[in-house]
Amino acid sequence: MRRELAIEISRVTEAAALAAYKWVGRGDKNIADGAAVEAMRHILNQIDIDGEIVIGEGEIDDAPMLYIGEHVGSGAGDAVDIAVDPIEGTRMTAMGQSNAVAVIAVAEKGMFLKAPDMYMEKLIVGPDAKDAIDLNRSLEQNLKAIAFALGKPLNKLTCATLAKPRHDKAIKEMQGLGVRVFAIPDGDVAASVMACMPDSEVDLLYCIGGAPEGVISAAVVRALDGNMQARLLPRPLVKEPTEENIRIGEEEVARCEALGIKVKEVLTLEMLAQNDNVIFSATGITKGDLLEGVAINGRLATTETLLIRGKSRTVRRIRSTHYLDRKDQALKDI
Ligand code: VTB
Ligand code: MG
Ligand code: MG
């Protein structure tokens, strides 16, 4: 992948965040998602890539999406696979809550795991604990191994997770062991990034979240030299085993089989993202732990973007000022 592609990719999440921002606090997550999708698609199609969306979000709740299998880009240039989440945190966007981001990850063709949009159990650590994780062992064993690798007691360990009822037991267990738990309402991509960043107090992420978010996170983990293991979980293992959820679960298992993956089997980082030549870009929509949100002042908008290029392991924070009246018409119309 040519080096300048990274900078071009940062414009994709900037545009998505700006489009999403118009819908912050307006109560409709699908309209917000739709606007971010349109903006992403528009900018992606201006870039000289032969890109394919290989994993995206939206199927779980019928939200608008960039379709899996959709081709983007001018068709000229690098053949790449793309994982997207135009709004990671639609609920936060619609309700004006913090931590919503627009994210994308790009890899060389064939390097990302192709999986349906379903639940995924994830365990992520930064470089210093990369050899300590094994999802075949218990959570407690993993926490102890991570703490040992980091040279600190369990009560100095901080785990990020999602504050969802499905994690109540795990959260209690971790707290019982003395581990500090940061349980955020939504948005495990930002938390995954924090688990790998050297300057963050988050040591690990453990949660059951979305598979697209998992693959996007795997790109960051690769780029920052951390480690990740994951497991795809059919819906009845995560939510109430209602008739509807059982039916969805059966579909998920069948789709996984067709893609050659076994549900519930441990997936290593190498399977999620096959090499570290990846690009990750995230732009804040609402202000959060990882990024500032969009701020608008008259015709000026500012954005903050985290842009990571795995090949060189360069981490950029880009603060941009946008003159909204100079944006191209298609973006203004979204
Ligand atoms: C997961 C997680 C995301 O939504 O997809 C979650 O990975 C799904 O939440 O980061 P529910 O199970 O409650 O529907 C996010 O938190 C936000 O997209
Ligand atoms: Mg989303
Ligand atoms: Mg999401």
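That block above? That's the structure.
Residues numbered from 1 in each chain as written. Chains lettered and ligands numbered in written order. Predicted model: local features only at pLDDT ≥ 70, side-chain atom pairs only at ≥ 80, totals over all residues. Heavy atoms only, no water.

Peer 1: I'm lost on the site of ligand 1 in this one. Help?
Peer 2: Taken together, 16 residues surround ligand 1, and among them Glu-88, Tyr-119, Lys-164, Asp-186 and Gly-210 come closest. A distance of 2.6 Å is found between an oxygen atom of ligand 1 and a side-chain nitrogen or oxygen belonging to Glu-88. In isolation ligand 1 exposes 430 Å². Once the protein is present, 88% of that is buried. For the shell around ligand 1, the secondary-structure elements that each account for two or more residues are strand E5 (119–125) and strand E8 (204–210). Grouping the amino acids of the shell around ligand 1 by side-chain chemistry returns 2 nonpolar, 4 polar and 10 charged. (Near = heavy atom within 4 Å. Polar contact = N/O pair within 3.5 Å; in protein donor to acceptor, adjacent residues only side chain to side chain. Areas by Shrake-Rupley, 256 points an atom, 1.4 Å probe, with all protein chains shown as cover. Helix = DSSP H or I, 4+ residues; strand = E, 2+ residues; numbered from the N terminus. Nonpolar A, V, L, I, M, F, W, Y, C, P; charged D, E, K, R; others polar.)

Peer 1: Explain the sheet that holds strand E7 (residues 180–184) here, please?
Peer 2: Sheets are built from strands that pair by backbone hydrogen bonding, the pairs being arranged parallel or antiparallel. In space, the 6 strands of this open sheet follow the order E7-E6-E8-E5-E9-E10, with mixed pairing throughout. Of all strands in the sheet, those bounded by a partner on one side alone are E7 and strand E10 (267–268). In the sheet, E5 pairs with E8 via 7 bridges, with the strands oriented antiparallel. By the bridge assignment for E8, Met-120 is matched with Gly-209. Here helix H6 (residues 188–196) sits on the sheet and contacts E5, strand E6 (158–162), E7 and E8; the angle it forms with E8, its principal contact strand, is near 160 degrees. (Pairing = 2+ DSSP bridges. Contact = heavy atoms within 4.5 Å. Axes fitted to C-alpha atoms, helices over the stretch in contact; angles between N-to-C directions.)

Peer 1: Is there a simple way to think about the environment of Ile-216 in this case?
Peer 2: Its location among the elements puts Ile-216 in helix H7 (residues 211–223). Taking the C-alpha atoms as reference points, Ile-216 and Ala-170, separated by 46 residues in sequence, lie 24 Å from one another. The contact partners of Ile-216, leaving out residues within four places of it in the chain, are Ala-83, Val-84, Asp-85, Val-103, Ala-105, Val-189 and Phe-280.

Peer 1: Can you help me understand unusual backbone geometry in this one?
Peer 2: Generally, phi is negative for residues other than glycine and the peptide bonds are trans, each holding for most cases. Of note, Asn-99 is a non-glycine position whose phi angle comes to about 85 degrees, a positive value. Its location among the elements puts Asn-99 in the loop between helix H3 (90–95) and strand E4 (101–108). Looking at Asn-99, the relative accessible area reads 12%, which means it is buried. Of note in this structure, Arg-313 is not a glycine but carries a positive phi near 55 degrees. Mapped onto the fold, Arg-313 is located in the loop between strand E13 (300–309) and strand E14 (314–323). For Arg-313, a relative accessible area of 38% translates into the label partly exposed. (Buried < 20%, exposed > 50% of the residue type's maximum accessible area, 1.4 Å probe, protein only.)

Peer 1: Which parts of the structure should I look at to understand the pairing of E14?
Peer 2: In summary, the side chains of a regular strand alternate between the two faces of the sheet. Inspection of the sheet shows E13 paired to E14 by 10 bridges, in the antiparallel sense. Paired with Leu-307 across the bridge in E14 is Arg-316. If you look at the hairpin formed by E13 and E14, you'll find 4 residues sitting between the two strands, and Arg-313 has a positive phi there, around 55 degrees.

Peer 1: Quick question: what am I supposed to make of the pattern of salt bridges here?
Peer 2: Pairing between side chains becomes possible if they bear opposite charge and their charged atoms approach one another. Taken as a whole and assessed by the stated rule, the structure comprises 20 salt bridges. Measuring nitrogen to oxygen at the nearest pair gives 2.7 Å for the salt bridge that ties Glu-8 to Arg-2. Residue classification places Glu-8 among the partly exposed positions, given a relative accessible area of 21%. According to the relative accessible area criterion, Arg-2 is partly exposed, its value standing at 27%. The partner of Lys-144 in a salt bridge is Glu-140, with the nearest N and O atoms 2.6 Å apart. One end of the pair, Lys-144, and the other, Glu-140, are both in helix H4 (residues 139–150), 4 residues apart, so they sit about a helical turn from each other. The structure contains a network of salt bridges with shared partners spanning Lys-130, Asp-225, Asp-276 and Arg-313. (Salt bridge = Lys/Arg side-chain N within 4 Å of Asp/Glu carboxyl O.)

Peer 1: Honestly, the nonpolar core in this entry has me stumped. Any pointers?
Peer 2: Nonpolar side chains in soluble globular proteins tend to be buried together. The biggest cluster of nonpolar side chains holds 54 residues, and the ones touching the most others in it are Phe-112, Met-120, Met-228, Leu-232 and Phe-280. With 8 residues, H7 is the largest single contributor of residues to this core. The contacts of Leu-232, once residues within four sequence positions are left out, are Ala-115, Met-118, Tyr-119, Met-120, Ala-211, Cys-256, Ile-261, Val-263, Lys-264 and Leu-267. (Core = buried A, V, L, I, M, F, W, Y, C linked by side-chain atoms within 4.5 Å.)

Peer 1: What is the right way to look at the state of the cysteines in this model?
Peer 2: By definition, a disulfide links the sulfur atoms of two cysteines through a covalent bond. The full count for this structure, using the stated rule, is 0 disulfides. A disulfide-free cysteine, Cys-159 has its sulfur positioned 8.5 Å from the sulfur of Cys-207, the nearest such atom. Of the residues examined, Cys-159 reaches a relative accessible area of 0% and is grouped as buried. (Disulfide = S-S within 2.5 Å.)

Peer 1: What exactly am I supposed to notice about the packing of H4 against helix H5 (residues 168–176) here?
Peer 2: The relative placement of two packed helices comes down to the angle between their axes together with the axis-to-axis distance. Across the interface, H4 lies against H5 with an axial gap of 11 Å and an inter-helix angle of 45 degrees. Considering their axes alone, H4 and H5 lie oblique with respect to each other. The two elements H4 and H5 cross, and the hand of that crossing is right-handed. Side by side, H4 and H5 meet where Leu-139, Glu-140 and Leu-143 of the first sit next to Ala-170, Glu-173 and Met-174 of the second. Residue classes in the contact of H4 with H5 are distributed as 4 nonpolar, no polar and 2 charged. (Parallel < 35°, antiparallel > 145°, perpendicular 65-115°, else oblique. Left-handed = near helix turned anticlockwise from the far one by under 90°.)

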